[in-house]
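# Residue-level structural notes
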Amino acid sequence: RGAMALPGEVWAELPAEKRIFCSVLLFSWAVYLWEAFLAHRQRRVYRTTTHVPRELGQIMDSETFEKSRLYQLDKSTFSFWSGLYSEVEGTMILLCGGIPFLWNVSGQISGRAGFGPEYEIVRSLVFLLLATLFSAVTGLPWSLYNTFVIEEKHGFNQQTLGFFFKDAIKKFIVTQCILLPVTSLLLYIIKIGGDYFFIYAWLFTLVVSLVLVTIYADYIAPLFDKFIPLPEGELKQQIETMAKSIDFPLTKVYVVEGSKRSSHSNAYFYGFFKNKRIVLFDTLLEDYSALNKEPAEGEDGENEETKSKTK
């Protein structure tokens, strides 16, 4: 066989932890390359499909389709480069020992605060705080580019730079206020759970997930956006009628002030069992107002300036 070892023999001689490390790394890159291939195939569709497909001919004009095509093309290209950066960054962190380094730094910080090696949960929380801070800082340029270059280019961005940073800081603080206590409880459950810790940990994360979904729109989302009940009127009646027709247990309909961030329109519903709620973005309703309807026959029409101000 000669002096050169076969790949299989080299793999078999590696310690178990090295084999696990290499397997995780290879699997991560395999998933990324597959997703990158699918995204590349979709970008090719964006480039070559320059006319409205026949299936959409009755509901979309060529101008709207072209705007959508160019927007999706830019978003797809941005996703490719940001995804590549993220994968390379994660690989470099693993290969260069970034996680053990951050763990040692966390131990030093917690030690200086008076928490010795026996305080594993405190050290873990410091580690988590530093890791999320690092992720927020390295992801900031990509978020800025997406908001103030791509979204701005296509006319969707409504944020100022000051509002963007204020929002980012608030999101980070709120995330830590939720993440750190939940993680500390999870680590405590793992520590005392014995051989069946994974069952208790799963039950705990399930309960936390259900609670967060339930309280998100009522207590968390209002920290960032203003929610108001949809006023009584034709639209609300039509939504309630539609909900009844499909046995959707609708209890409330809200309007969220999403226009201060973006001109994108959206809507979502949330809740469990017999307590479901619908949230509409205000950008979705801007053209629905009765004030924007064409004047009835015989009524005095408004000039263009007045219509613009009304809208």
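Bear in mind that the values here come from a model prediction, so they are computed numbers and not experimental data. (Residues numbered from 1 in each chain as written. Predicted model: local features only at pLDDT ≥ 70, side-chain atom pairs only at ≥ 80, totals over all residues. Heavy atoms only, no water.)

Bringing the layout of surface pockets into the picture now. The space that makes up the largest pocket amounts to roughly 920 Å³. Of all the secondary structure elements, the ones that give two or more residues to the lining of the largest pocket are α5 (120–153), α6 (161–192) and α7 (197–220). In terms of domain composition, the lining of the largest pocket takes at least three residues from each of domain 2 (97–139 + 151–223) and domain 3 (227–284). (1 Å grid on protein atoms, 1.4 Å probe; cavity = no way out; pocket = protein on both sides within 12 Å on 5 of 7 lines; lining within 4 Å. Points joined across faces, edges and corners; volume = space filled by probe spheres on them. Helix = DSSP H or I, 4+ residues; strand = E, 2+ residues; numbered from the N terminus. Domains from an automatic or database assignment.)

Okay, the UniProt feature "transmembrane region" (unreviewed entry) in the chain next. Per the UniProt record, "transmembrane region" (unreviewed entry) is found at residues 20–38, 121–145, 172–190 and 196–217. The distance from the first to the last C-alpha atom of residues 121–145 is 36 Å, and the span holds 100% helix and 0% strand. Regarding residues 196–217, the helix share stands at 95% and the strand share at 0%, and the terminal C-alpha atoms are separated by 34 Å. (UniProt positions renumbered as here; feature names shortened; annotations may be inferred.)

The next thing to look at is the packing of aromatic side chains. Counted under the stated rule, the structure contains 14 aromatic pairs. With a centroid separation of 5.2 Å and an interplanar angle of 80°, the aromatic rings of Phe115 and Tyr119 are classed as edge-to-face. Of the residues examined, Phe115 reaches a relative accessible area of 33% and is grouped as partly exposed. Joined through ring pairs, the aromatic side chains of Phe78, Tyr85, Trp142 and Tyr145 make up one cluster. (Phe/Tyr/Trp six-rings, centres within 6.5 Å; stacked < 30°, edge-to-face > 60°. Buried < 20%, exposed > 50% of the residue type's maximum accessible area, 1.4 Å probe, protein only.)

Tracing the chain through its elements places Thr48 in helix α2 (residues 16–48). Using a relative accessible area of 57% as the deciding quantity, one classes Thr48 as exposed. With 21 residues separating them along the chain, Thr48 and Arg69 place their C-alpha atoms 9.9 Å apart.

Take the packing of helix α4 (residues 98–112) against α5 next. It is at 8 Å that the axes of α4 and α5 come closest, and there the two elements cross at 120°. The pairing of α4 with α5 is recorded here as oblique in orientation. Crossing geometry of α4 relative to α5 is assigned as right-handed. Two secondary-structure elements touch here, α4 through Ile99, Leu102, Trp103, Asn104, Val105, Ser106, Gly107, Ile109 and Ser110 and α5 through Glu120, Val122, Arg123, Ser124, Val126, Phe127, Leu130 and Ala131. Considering only residue class, the contact of α4 with α5 consists of ten nonpolar, five polar and two charged. (Axes fitted to C-alpha atoms, helices over the stretch in contact; angles between N-to-C directions. Parallel < 35°, antiparallel > 145°, perpendicular 65-115°, else oblique. Left-handed = near helix turned anticlockwise from the far one by under 90°. Contact = heavy atoms within 4.5 Å. Nonpolar A, V, L, I, M, F, W, Y, C, P; charged D, E, K, R; others polar.)

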